[in-house]
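# Analysis of the macromolecular model
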Amino acid sequence: MQNFLYSLALFLLFISCKELKPKDKAIELSVAEKIANAHGFEQWKNVSEIAFTFNGRRSWLWNPGTNAITYTKDTLTITYNRTQLDSTVIPIDRAFINDKFWLLIPFQLVWDKGLSISDPVKAQAPISQKLLNKITLSYSNVGGYTPGDGYDIFFNDDYIIEEWIFRKGNKDEPSLMNTFENYKDFNGIKIAMEHKNAEGNWNLTFTDVKITLKAMAK
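This write-up is about the structure you can find in this document.

Definitions and limits used
- Residues numbered from 1 in each chain as written.
- Predicted model: local features only at pLDDT ≥ 70, side-chain atom pairs only at ≥ 80, totals over all residues.
- Heavy atoms only, no water.
- Pairing = 2+ DSSP bridges.
- Helix = DSSP H or I, 4+ residues; strand = E, 2+ residues; numbered from the N terminus.
- Axes fitted to C-alpha atoms, helices over the stretch in contact; angles between N-to-C directions.
- Contact = heavy atoms within 4.5 Å.
- Buried < 20%, exposed > 50% of the residue type's maximum accessible area, 1.4 Å probe, protein only.
- Polar contact = N/O pair within 3.5 Å; in protein donor to acceptor, adjacent residues only side chain to side chain.
- Expected span 1.5 Å × (residues − 1).
- Salt bridge = Lys/Arg side-chain N within 4 Å of Asp/Glu carboxyl O.

### Things to note about the sheet that holds strand S4 (residues 76-81)
- Strand order in the open sheet formed by seven strands is S4-S3-S2-S1-S13-S12-S11, and the pairing between neighbours is antiparallel. Sheet topology places S4 and strand S11 (181-186) at the edges, where each strand pairs with a single neighbour. If you compare each strand with its neighbour and ignore which way they point, the axes differ by 15° on average.
- Helix-sheet contacts for helix H3 (residues 90-103) involve strand S1 (47-54), strand S2 (58-63), strand S3 (68-73), S4, strand S12 (189-196) and strand S13 (203-213), and the interaxial angle to S2 is about 85°.

### Some points on the environment of Thr 77
- Position of Thr 77 relative to the elements: it lies in strand S4.
- On the basis of relative accessibility, which here comes to 48%, the residue Thr 77 falls in the partly exposed class.
- Remark: the alpha-carbon pair of Thr 77 and Ser 59, spanning 18 residues in sequence, is separated by 9.4 Å.
- Those residues in contact with Thr 77 that lie beyond four places of it in its chain are Thr 70, Tyr 71 and Thr 72.
- At 3.5 Å, the side chain of Thr 77 forms a polar contact with the side chain of Thr 72.

### Concerning the side chain of Glu 194
- Counting through the fold element by element, Glu 194 comes out in strand S12.
- A residue is classified by how much of its surface remains accessible, and Glu 194, at 18% relative accessible area, is buried.
- There is a polar contact of 2.6 Å between the side chain of Glu 194 and the side chain of Asn 203.
- The contacts of Glu 194, once residues within four sequence positions are left out, are Thr 179, Phe 180, Glu 181, Asn 182, Asn 203, Leu 204 and Thr 205.

### Considerations on the pairing of S12
- Across the eight residues that make up S12, a large majority, six, are buried.
- Relative to S12, S11 runs antiparallel, the two being bridged by five bridges. Looking at S12, one finds that Phe 186 is bridged to Ile 189.
- Hairpin remark: S11 followed by S12, antiparallel, with two residues in the connecting loop; positive phi at Asn 187, about 50°.
- The hairpin formed by S12 and S13 contains six residues between the paired strands, and Gly 200 there has a positive phi angle of roughly 75°.

### Digging into H3
- With 14 residues, H3 extends 20 Å from end C-alpha to end C-alpha; this agrees with the ideal 20 Å at 1.5 Å per step.
- Those residues of H3 lying buried are Ile 92, Asp 93, Ala 95, Phe 96, Asp 99, Lys 100, Phe 101, Trp 102 and Leu 103.

### Thoughts on the pattern of salt bridges
- Per the stated rule, a full pass over the model turns up eight salt bridges.
- Across the pair Lys 196 and Glu 194 runs a salt bridge, and its minimum N-O distance is 4.0 Å.
- Through salt bridges with shared partners, one network takes in Glu 181, Glu 194 and Lys 196.

See the structure below:
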């Protein structure tokens, strides 16, 4: 009987200690993940296809699952797969990477390898002059079609990107500064449809954007 009571006491002590053990803290998201999620990154796993036209010049249809891509410009249509690139499609794939980067920069923050991201600071945006949050992206000098570039990303307190500065070769002087505006929601993914410069005489646009979810594709 004494052994039973002793064992019971040890068991109750074990249970009480286990209950008093502090719960594991939630994993803190990085600033890149917060920006991506604010633009709908958690929905990306459900995307079957994404179609878009870059600045009225060329159109794309991309299946992220298979990496199959269809490129259309004027009367020319070419289909290829990014897992099987050869010299004949490299110029087209270079254009795709550029256009996709513009379209999905919030997601590139978590996709891209060889990317260093600074801690966020408060800074004045170059075009609106608003006080926003800023991170600086620095790409490695190895790999990719345009290695070594740098970007300053300006985002609001909701982690939505409002402006950026592109610095070719990570030089100090800006190569391009423009806005991110006219956001639209496509099945939970937020896309900035327009990018304007400070002078207002340049506007890069996206049209014909369509994001198909896997459930919709069945």
